[in-house]
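The chain contents come next:
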Amino acid sequence: MRGKVTFVGAGMTGSTMAQLAAQRGHADVVLVDIVEGLAAGKALDIQEAAPWAATSARITGTTEWSESSGSDVVVVTSGVPRRPGMTREDLLGTNAGIVRSVVGQAVEHSPDAVFVIFANPMDAMCHVALQASGLPAARIVGQGGMLDSARYRTFIALETGASPRDVAAWVLGGHTEATMVPVVSNATVGGVPLTQLLPPERVRAVVERTTRGGAEIVGLLKSGSAFTAPAFSTIEMVEAILLDEKRVLPACALLQGQYGVEGGYVGVPVLLGAGGVEEIYEIPLAADEAAAMREAGDAVKELVAATPQA
C-alpha cells in the first residue's frame, strides 16, 4: 500500500517536489495551494505524464485541506521571498503567519504526519511550525542542511574532478550565508581527506562558494531562485521518512545541549526514519567549526525572538 505525501505550495519548488515524488512512486501525492487552479493544473500535468513516467501514483491538486487527510509526510514550501524594501522582520512576520496557518490546518487533517519545513527563514520557521502543530520536536524537521550539503559536495567534485557520489561532506549550522558551517575537518573524497587533495586556498574557495550557493543562482537567473536541487534534496528526506530508511542525513533539528546549543533548531547529522528525527549525532568538529555551530544556535534564537507571535 502506497503512503501519502502532501506538498504545501505549488510554486516551482513545491511542484518539482511533487513531480519527483510521483516519479518515484512510493506515495500518492497531494499538492495544496490557495491560488485557485494552480495546484490542480500542475497536478494534472504531472498525472498525465504517468504512462511514460512508469508510475501508478495518484497526484491531486487542490485548495482543500481535506484532500491531504492521512498524510504520512507534509512538506511546507509556502511563503514569500524577501522583496525590495522588505525588512527581515517583515519577512519573518509574513512567513510566520503563513507557516502558522498551513501547519495548523495540515496537522488537523494529518495528526500523525512528520513535517518537513522548507519555508524561509527555515531555521526560525521550524520553531513556528513546532509551536503551531503541538507535535513532538522529532516530527518537525528542517530541510536546509540537505541542500547546502548537496552544493558543497558538488563544488568539491567540480574542484577535484571526482564524482559527486564519492564525496562525503556536510554543511551543518544555519541555512544562511552567515550561519552555515561547511565542515572541512571530516570532508572526504573516496575516503581521502579533502585537505590532502586541495591546497588551503582552494578549500577556502569551495567553502565560500558553498555559502553563496543560493545567491549565485539568484544572480544568474535574475528572477527567481533554485528549485531543482532543493526538490531533490527534500525528496531524499521524504523517502527516508516514508520508507523508514533510517538514513543519516544533515537536517535541521531542535537541539537540547548538543553542540553547545540549547533550544534552537540547527542543522546537524540526524537519523531520519518513520518517527522523524529519531537520533541526533554529535560528531567531532574542529574548534572553529564548533564555535560556528554555537553562533548558528545563537542566531536562530535571535530570529525566533524577533518573530511576531500569533
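Residues numbered from 1 in each chain as written. Predicted model: local features only at pLDDT ≥ 70, side-chain atom pairs only at ≥ 80, totals over all residues. Heavy atoms only, no water.

A. Fine view of the packing of helix α5 (residues 122-133) against helix α11 (residues 287-306). Two numbers describe how α5 lies on α11: the axes approach to 9 Å, and their chain directions differ by 55°. Classed by the angle they form, the pair α5 and α11 counts as oblique. Crossing geometry of α5 relative to α11 is assigned as right-handed. Listed contacts from α11 to Asp123, Ala124 and His127 of α5 are Val300, Leu303 and Val304. A class-by-class count of the residues in the contact of α5 with α11 yields four nonpolar, one polar and one charged. (Axes fitted to C-alpha atoms, helices over the stretch in contact; angles between N-to-C directions. Helix = DSSP H or I, 4+ residues; strand = E, 2+ residues; numbered from the N terminus. Parallel < 35°, antiparallel > 145°, perpendicular 65-115°, else oblique. Left-handed = near helix turned anticlockwise from the far one by under 90°. Contact = heavy atoms within 4.5 Å. Nonpolar A, V, L, I, M, F, W, Y, C, P; charged D, E, K, R; others polar.)

B. Fine view of the environment of Gly267. Tracing the sequence through the fold places Gly267 in strand β13 (residues 262-273). The class of Gly267 is buried, set by a relative accessible area of 4%. A sequence separation of twelve residues divides Gly267 from Leu255, and the C-alpha atoms of the two residues are 9.2 Å apart. Discounting residues that sit within four places of it in the chain, Gly267 has contacts with Leu172, Gly173, Ala251, Cys252 and Met293. (Buried < 20%, exposed > 50% of the residue type's maximum accessible area, 1.4 Å probe, protein only.)

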